[in-house]
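# Architecture and fold: a report
One-letter residues, chain by chain:
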Amino acid sequence: MNFAVTDIGAVLPEVIVAVYACAILLIEPFLPKGRQEVLAYFGFAALGVAFYGTWNLMRTDLTVMNGMFVLDPFGNFFKLLLYVAAAMTILLSMEYLKREGIDRGEYYAFVLLATCGMMILVSASDLIMVFLGLELMSIPFYILAGFKRFEEKSLEAAAKYFILGSFSSGILLFGISLLYGLSGTTNLQALALHLRGAELQNPAWILAMILLVVGFGFKIAAVPFHMWTPDVYEGAPTPVTAFLSVGSKAASFAVFLRVFIEALGGIQSDWRFLLIFLSVVTIVLGNVVALVQTNIKRMLAYSSIAHAGYAMIGLIVGDSLGIFSLMIYMLIYAFMTLGAFGVVMLLRREGVEGDEIRDFAGLARKDRLTAFAMLIFMFSLAGIPPTAGFVAKFYIFMAAVNAHLTWLVVLGVVFTAVSAYFYLRVVMVMYMKEPDEAVQLSAPPGVVMVLAVAAAVVLLLGIYPSPFLDYAQEAVLKLR
Amino acid sequence: MVIGVDFVWLIPAFPLLAVLINGLVGHRLSERAVSVTAVGSVGLSFLVASATLVQVIADPAPAVTALFTWIPGGDLVVEFNALIDPLTAVMMMVITGVGFLIHAYSIGYMHGDSGYARYFTYLNLFTVSMLILVMGGNYLVMFIGWEGVGLCSYLLIGFWYERTSAIKAGTKAFVVNRIGDAGFLVGLFLIFARFGSLNYSDVFSRAGELSTATATAITLCLFIGAIGKSAQLPLYTWLPDAMEGPTPVSALIHAATMVTAGVYMVVRNHVLFDMAPLSLQTVAVIGAATALFSATIGLVQYDIKRVLAYSTVSQLGYMFLACGVGAYASAIFHLVTHAFFKALLFMSAGSVIHAMGGEQDMRKMGGLAKHLPKTATVFIIGAIAIAGIPPLAGFWSKDEILGAAFKHGAPVLWFMGLTAAAMTSFYMFRQVYMTFYGSARMDHDVEHHLHESPNVMIYPLIVLAALSLLGGLLLGFPPEEGWIHRFLGPVTGAQAVPAGRQEAHAIGAIDYILMGLSVAVALAGWMTARQIYLKKPETAGALASRFATAHSVLYNKYWVDELYDATVVEPSKGLGRVANRFDDRIIDGIVNAVGNLTQAGAALSTGFEKYMIYGLLNITGYANHIAAAILRKIQSGQVHHYAALLVIGIFILVNLYLWFFDNTTVALLLSRLSLNGGN
């Protein structure tokens, strides 16, 4: 067992976030009720320091803790994304928690702990670490989903998410133990070595691989493991939903990719077509079911399912362009989704959240800028240039064409066309319907800030994406 | 070029600036300030575009200028660049020139509308997008413009959102266009896969590497995009509905510019199309069929704008017919003349609607010539031009297309085009007589308020009327060797024709015969309309009831809209609803049907989870609430059914693997199983 001081340095960002989370839990009892908002700034501080740390470690590439934990540009790219997503989630939450009467300090601790779990997840280079990160990410989410504890919907969401999440964790664990039994290791590199060149002797490999697909597929909300998504997205507090659909999905995709490309790359031909199948049904079902939703959170849930299907194409392709396109997709998806949920939070109908699509009626005449921001997010989600959503889809499809998966591209493009219908419906309702006076608009500064940043990034990445793309590309070259 | 080619960026920059001004502060500005900004910006663009045209005439070699690197590094570098060549120059002149006139006309037409600034913002944004579309030096930039014009079209069709029909029409236009765009995008990816570049210059110079099959695939995909954008069979249904937008919008977007983007795209890619005879045949057949099909519908419509809309679809069909038979310069020629006379017709129809207080039904018009003499004059000029009567603009371009179709060895297509030409003449003069002549059929009240439009609306009409009168002669005379043919030569390759074929280009007896036939059918159409609608107005009704079935089929537009609703729209919504219900409820039934085996396992695990959850509940202290919710949910059975679905998912994946993929694994598995059984 060799344990160097540098090992601590490598995991410092994770340590910082975890320590801050614990500190919040300790301070919280001593703060009077109504002053808990202060803890949000603790959260920002934690994320800021961690961001600084990761930024400095950005170009390092080393494996520490006896090969359990890897620090590389690929992971760091996702970590930076996660910090931003978490910080935006906290911004979205501050006013919201007060309004809903659930402003308790531990909320911020849970957000940080979930973030820490995601960070471990994207840096894990051992299946045990993967599982640890996954659980550390999921357990705070189970609690956060039920944070509106006086609302049945929220509790239902928490219960469903918890039960199904645990079940999927069990399946994942089963897969991991099978892999361990077959190879005698849980280390990703060692697994890769074991698979290299060796003839596939045992069908249990396939079973293990399938179990892993199910476990990760659950987290990224791929069909048919998506059942929890609409219920949980609808029921959970909106900032939690946003974080769940952005952070949890990005981190799960990162680890999905790392495990399948790095460890199971040797049997790529075996898992590829399974993922193609999942991707196709996910794209088709996500988009088609979104057509008939009347609740915007459920609509965004199905939209997020569909986007998972598109992002999977990057994983299926699996070469450097594919990985690169997946990273870009997650980056862009994060901003447009956070923005869309941010707008949803602004609407209030009779004291509760206005989360029906009809609540958006005439938004353009009540608040031009908010409506315009939502228009940008909807166009971006639909993949219409010059928004970032187009760049994201463009790269994914480009990677697929390069890998001779043209038919998949045709399918993806056709369903992108279908998706325009339900995204555009929101725009139509905002711009072309009479305002509904029962729906009020609030404008908490935190949410406004998130909207401004998200809209700016979505437009910038659509019009001038070069700087972001350069960094992502560098990260990929390091991973390969 | 004398001045740097970089100056062309000014052309879209002016309207873009106007978009920013009117979009951000327009609602606080006066109407005058808004219109000066909007119209002035397009005017400035027109001046720069004219200067560019002069430059291109002096030096027709294509020039490329890049603004910035849009997508960097790796396998693909895409620059945001512009390609300036004769084709682009012609398109820019149409967009900014006709666009300027339509913008100016809008000052009067939209006067007093509550969305004045919004209207001009959208209209300018459209101009920017359209310019980007034609200026783009690679497919991706073109695609941005392509989507941008669709977006503006959507916003402008739904401009009067108080009308439900307007909103529906806008959405329909956008979604139908997206279907076409999907084709375009696939074509674009195929091009990238084959050439590793999206620049026109790279692709066209290496086009020879393509096999016929690949070229066919690429061009058919591109053509699907063109079908959507240019409203050809079978995706034309959105264009007649798009008439819900303000009339100047119909003139600019749905007649003069946007809908011709498909034609521009085919001509731009003619190098690829030339390599794929099958694609060219498809283009020609769809073009001729659309020309004829929509002309028949136009025969019996009563809405003054809908007649013009079907006429637009029909004329676009001619342009594609020209492309399909290789007469690319003629296609662009017809595009230009059509922009003149169709913008004229739409805007004078707008002037009529303006005078009639919003009435669009021609059955409630009649005798308007004496009230609106200027509008009537320019409308009739437009009608003669589109009917194909020499020496007005439409004759030269349309006759050229028909001639090319005939000489290309496609007499059937020629005949379809000729029939459509007769119908065009008929429905245009039917419109003239129903609107401007005969007895007045409007209410007394309306008649009392009839007034000629203000000068700001009339002057643009006069300019367009002059262009419709003379444009054909100036640009395209003598036929096939006019100025526009020579100018476009470097792009469309007409000059590259080997010497042997030059003789075919000289005008021979066959051309005069074809020309004579064209004129004859046009006059026949005119006289028939005159007979029915001017001399004996009662015959129209008699004919309609005598051929009731045919009339009803045409009047109801062959029920194509209803057909699409029944076969495409409703089923996809139904599928969504079914899948939604599956997600919500029916899953219970499916789960039960799939088997108790999985249920037992799932129930076991949920039971286990139930006890685990209590531990967590006590820690977090929300025990009562959550426990109640969980118990309720478990009793309703949904959650463990969801869990069961996870297990089913595993089974599906395993089965998929075993059935469809690897036989060796199956064999391996089977041998293992039998081995274990043996032990």
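No experiment lies behind these values; they were computed from the predicted model shown.

Glancing now at the overall build of chain A. Across its full length, chain A holds 20 helices and 5 strands. A globule of 480 residues ought to have a C-alpha radius of gyration of about 23 Å, and chain A, at 21 Å, matches this closely. With 480 residues in all, chain A has 70% of them scored as buried. For chain A, contacts bridging at least 24 residues in sequence account for 80% of all contacts bridging at least 6. Carbon and sulfur atoms form 67% of the exposed surface of chain A, whose accessible area is close to 13900 Å². When the 29 basic and 32 acidic side-chain charges of chain A are each reduced to a single mean position, those positions are 4 Å apart.

The final tally for this structure, using the stated rule, is 18 salt bridges over all chains. The salt bridge partner of Arg 268 of chain B is Asp 85 of chain B, with a shortest N-O separation of 2.8 Å. One end of the pair, Arg 268 of chain B, is in helix α11 (residues 261-268); the other, Asp 85 of chain B, is in the loop between β2 (78-84) and α3 (86-109), with 183 residues separating them in the sequence. Across this residue pair, the class does not change: Arg 268 of chain B and Asp 85 of chain B are buried. Between Asp 361 of chain B and Arg 363 of chain B there is a salt bridge; the shortest N-O distance is 3.2 Å. Relative accessible area serves as the criterion here: at 16%, Asp 361 of chain B is assigned to the buried category. Under the relative-accessibility criterion, Arg 363 of chain B is labelled partly exposed at 40%. Here the salt bridges do not stand alone but share partners, grouping Lys 153, Glu 156, Lys 160, Asp 231, Glu 234 and Arg 298 of chain A into one network.

This part takes up the domain arrangement of chain A. Many descriptions give the size of an interface as the accessible area lost when the pieces come together. All names here are of chain A. Splitting chain A by domain gives domain 1 (1-263) and domain 2 (267-480). Each partner contributes residues to the interface: domain 1 has 56 residues there, and domain 2 has 52 residues. Carbon and sulfur atoms supply 77% of the area that domain 1 and domain 2 bury against each other, a total of about 4900 Å² over both sides. Seen at the junction of domain 1 and domain 2, the total is 3 salt bridges. Counting every contact that joins domain 1 to domain 2 gives 12 residue pairs in polar contact (both at pLDDT 80 or more). Counting residues per element, the ones that place at least two in the side of domain 1 that touches domain 2 are α4 (73-100), α9 (204-220), α10 (228-235) and α11 (238-263). A total of 16 residues in the side of domain 1 that touches domain 2 trace back to one element, the largest contributor, which is α4. Taken together, the residues of the side of domain 1 that touches domain 2 break down into 37 nonpolar, 7 polar and 12 charged.

Our next topic: the pairing of β2 of chain B. Residues and elements named next belong to chain B. Burial analysis of β2 places 6 of its 7 residues in the buried class, which makes it a mostly covered element. When strand β1 (residues 63-71) meets β2, the two strands line up antiparallel, connected through 7 bridges. Its bridge partner being in β2, Ile 71 is matched across the sheet by Val 78.

Residues and elements named next belong to chain B. In the contact formed by helix α15 (residues 328-355) and helix α16 (residues 373-387), the axes pass within 9 Å of each other and the chain directions differ by 145°. Read as a crossing pair, α15 and α16 show a hand that is left-handed. Residues Phe 341, Lys 342, Leu 344, Leu 345, Ser 348, Ala 349, Ser 351 and Val 352 of α15 form the contact with α16, whose own contacting residues are Thr 375, Val 378, Phe 379, Gly 382, Ala 383, Ala 385 and Ile 386.

Residue and element names in this part refer to chain A. Relative to the helices and strands, Glu 135 resides in helix α6 (residues 127-145). Despite its burial, Glu 135 pairs with no opposite charge; the closest candidate is Lys 219, at 5.8 Å N-O. Polar contacts involving the side chain of Glu 135 include one to the side chain of Ser 169, which spans 2.6 Å. Setting aside its immediate chain neighbours within four residues, Glu 135 contacts Pro 140 and Ser 169.

Paired through backbone hydrogen bonds, the strands of a sheet run either parallel or antiparallel to each other. Residues and elements named next belong to chain A. Read from one edge to the other, the open sheet built from 3 strands follows the order β4-β3-β5, with strand pairing classed as antiparallel. The open sheet is flanked by β4 (352-353) and β5 (439-441), the only strands paired with a single partner. Contacting β3 (347-349), β4 and β5, helix α14 (residues 320-346) runs over the sheet at an angle of about 35° to β3.

A few words on the nonpolar core. Ranked by internal contacts, the top residues of the largest apolar core, which has 446 residues, are Phe 360 of chain A together with Leu 198 of chain B. Among the elements that take part in this core, α14 of chain A stands out by supplying 21 residues, more than any other. Counting only domains with at least three residues in this core, you end up with domain 1 (1-263) and domain 2 (267-480) of chain A. With residues near it in sequence (within four places) discarded, Phe 360 of chain A still touches Ile 296, Val 343, Val 344, Leu 347, Met 374, Val 426, Val 429 and Met 430 of chain A.

This next bit is on the packing of aromatic side chains. Residues and elements named next belong to chain B. In the structure shown here, the tally under the stated rule is 46 aromatic pairs over all chains. With centroids separated by 5.7 Å and ring planes inclined at 5°, the aromatic side chains of Tyr 200 and Phe 204 adopt a geometry described as stacked. A residue pair is termed a helical-turn pair when its members lie 3 or 4 positions apart in one helix, as Tyr 200 and Phe 204 do in helix α7 (residues 200-205) at 4 residues. Judged by centre distance (5.6 Å) and plane angle (75°), the rings of Tyr 236 and Phe 293 are edge-to-face. Residue Tyr 236 is located in the loop between α8 (212-229) and α9 (238-241), and its partner Phe 293 is located in helix α13 (residues 277-298); the two are separated by 57 residues in the primary sequence. Taken individually, Tyr 236 and Phe 293 each receive the classification buried, so the pair is uniform in this respect. Taking NZ or CZ as reference, Arg 363 lies 3.9 Å from the ring centre of Tyr 302, over its face.

Conventions and cut-offs
Along each chain, the written sequence defines residue order, and numbers are assigned to residues from 1. For naming, the first written chain is A and the first written ligand is 1, with later ones following in the order written. Residues qualify for local features only when their pLDDT is at least 70, as the model is predicted, and side-chain atom pairs are given and counted only at 80 or more; totals for whole chains, interfaces and linings, by contrast, use all residues. No hydrogens and no water enter the side-chain calculation; it runs on all heavy atoms of the structure. In this text, helices come from DSSP runs of H or I with a minimum length of four residues, and strands from runs of E with a minimum of two, each type numbered from the N-terminal end. Atoms counted for the radius of gyration: C-alpha only. Globule rule: 2.2 Å times the number of residues to the power 0.38. The buried label applies to any residue whose accessible area, calculated with a 1.4 Å probe on protein chains only, is under 20% of its type's maximum; exposed applies above 50%, and partly exposed to all values in between. Contact between two residues is taken to exist if any of their heavy atoms lie within 4.5 Å; hydrogens are not considered. Under the convention used here, a 1.4 Å probe and the Shrake-Rupley method define accessible areas, while residue burial counts only the protein chains that appear. Under the convention used here, Asp and Glu are negative, Lys and Arg are positive, and both His and the chain ends fall outside the count. Where a charge lies is defined by one atom per residue type, namely NZ (Lys), CZ (Arg), CG (Asp) and CD (Glu). When a carboxyl oxygen of Asp or Glu is within 4 Å of a side-chain nitrogen of Lys or Arg, the pair counts as a salt bridge. Where each domain begins and ends is defined by an automated method or by a domain database. Two parts placed together each lose some accessible area under a 1.4 Å probe, and adding up what both lose gives the buried area. Here a polar contact is recorded for every N or O atom pair within 3.5 Å, except that within protein the pair must consist of a potential hydrogen donor and a potential acceptor, and residues adjacent in sequence are included only if both atoms are side-chain atoms. Only Asp, Glu, Lys and Arg are considered charged in this grouping, and only Ala, Val, Leu, Ile, Met, Phe, Trp, Tyr, Cys and Pro are considered nonpolar; every other residue, Gly among them, is considered polar. For two strands to count as paired, DSSP must find a minimum of two bridges between them. Note on definitions: angles span 0 to 180 degrees between N-to-C directions of axes, and those axes are lines fitted to C-alpha atoms, for helices only across the stretch in contact. A crossing counts as left-handed when the near helix is turned anticlockwise from the far one by less than a right angle, and as right-handed when that turn is clockwise. For this analysis, a nonpolar core means a set of buried residues of the types Ala, Val, Leu, Ile, Met, Phe, Trp, Tyr and Cys, connected via side-chain atoms within 4.5 Å. Aromatic contacts are taken between Phe, Tyr and Trp rings whose centres are within 6.5 Å, Trp giving its six-membered ring; a plane angle under 30 degrees counts as stacked, one over 60 as edge-to-face, and the others as tilted. We call a charge positioned above a ring when the Lys NZ or Arg CZ atom is no farther than 6 Å from the ring centre and deviates by at most 35 degrees from the ring normal.

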